[in-house]
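# Overview (structure and organization)
What follows is the residue order along each chain.
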Amino acid sequence: MPDAVDQLIEVGRKVVATGLVVGSGGNLSARSPDGDACWITGAGTWLDELDRSAFSLVRIGDGAVLSGHPEPSTEVLLHLRSFQARPDAKVLIHLHPQLSVLLDAMGHRIRLVTTDHAFYVQEVRRVPWYRPGTEDLARAAAAVVADGCNCVILAHHGCSVLADSVELAHKRVLNLEEAARATHAALLLGEEVPECPRPPQVWPAARASAPVSPS
Ligand SMILES: [Zn+2]
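Report follows, based on the coordinates.

Cut-offs used in this document
- Residues numbered from 1 in each chain as written.
- Predicted model: local features only at pLDDT ≥ 70, side-chain atom pairs only at ≥ 80, totals over all residues.
- Helix = DSSP H or I, 4+ residues; strand = E, 2+ residues; numbered from the N terminus.
- Rg over C-alpha atoms; globule rule 2.2 N^0.38 Å.
- Buried ≥ 20, exposed ≤ 12 C-beta atoms within 10 Å, placed from the backbone.
- Pairing = 2+ DSSP bridges.
- Axes fitted to C-alpha atoms, helices over the stretch in contact; angles between N-to-C directions.
- Contact = placed C-beta atoms within 7 Å.

Right, let's talk about the overall build of the protein chain for a bit. The helix and strand inventory of the protein chain stands at 6 helices and 8 strands. Starting at the N terminus and ending at the C terminus, the protein chain contains elements arranged as α-β-β-β-β-α-β-α-α-β-α-β-β-α. For the protein chain, the C-alpha radius of gyration of 16 Å lies close to 17 Å, the compact-globule estimate for 215 residues. Every one of the 215 residues in the protein chain was classed for burial, and the buried ones make up 46%.

As structure tokens, this is what we get:
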């Protein structure tokens, strides 16, 4: 059975193949089984050319590189601070999806139109622009996910998506960009689009294994 790193390698191929990002536009991480460290893509790695040697094992508490690729992604602080803020999160996908970033830059809120958008994305928040790779960006993004939000737009840059599994994180980021596409279409039609209802009693915290997951 593939572990989280194998699954992230596959996600890297898919997000590039489907046009969600271009080449090296993002970085991926998953907690180690003991929870104290995470495997994260190395600096300069291309998402569609990942193998196990492309990942660094980094201690979440102090950022020490424990093994693997000697130089973790330049965005490693984003991953470490988010994992510190969210002990329940096991995976972080940071990508540069073009339409989500464009709509946010133009001041448009991404609408959650379909059942899938509402179920997987649940809520979209944003942080203003900070220089990529900085502690400021990492702390701002971590602060807005601390209470359980899983999807953040990093202005003029990308998104940060959290989940407790690789599969759910992948579905979340796909649905985030798909919601941006739907929002874009609605804006072109010039009408306000109603959003899918999200009463909390109907939509418990989305889990990949949840029996109520829509198909
Ligand atoms: Zn980035």
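Back to the text.
Read across the open sheet, the 8 strands follow the order E4-E3-E2-E1-E5-E8-E7-E6; overall the sheet is mixed. Of all the strands in the sheet, just strand E4 (65-68) and strand E6 (125-127) have a single pairing partner and so form its edges. Taking the axes of each pair of neighbouring strands and ignoring which way they run, one obtains an average angle of 20° across the sheet. Bridging between strand E7 (residues 151-154) and strand E8 (residues 158-163) involves 4 bridges; their strand directions are antiparallel. What sits directly across from Cys-151, in E8, is Val-161. Relative to E7, helix H5 (residues 135-145) is tilted by about 150°, and along the sheet it contacts E6, E7 and E8.

Attention now goes to unusual backbone geometry. Even without being glycine, Gln-122 reaches a positive phi, approximately 70°. By secondary structure assignment, the location of Gln-122 is in the loop between helix H4 (115-121) and E6. Non-glycine residue His-156 carries a positive phi angle of around 60°. Here His-156 shows up in the loop between E7 and E8.

Below, the discussion takes up the environment of Gly-35. Position of Gly-35 relative to the elements: it lies in the loop between strand E1 (26-31) and strand E2 (37-41). With 11 C-beta atoms packed within 10 Å, Gly-35 lands in the exposed category.

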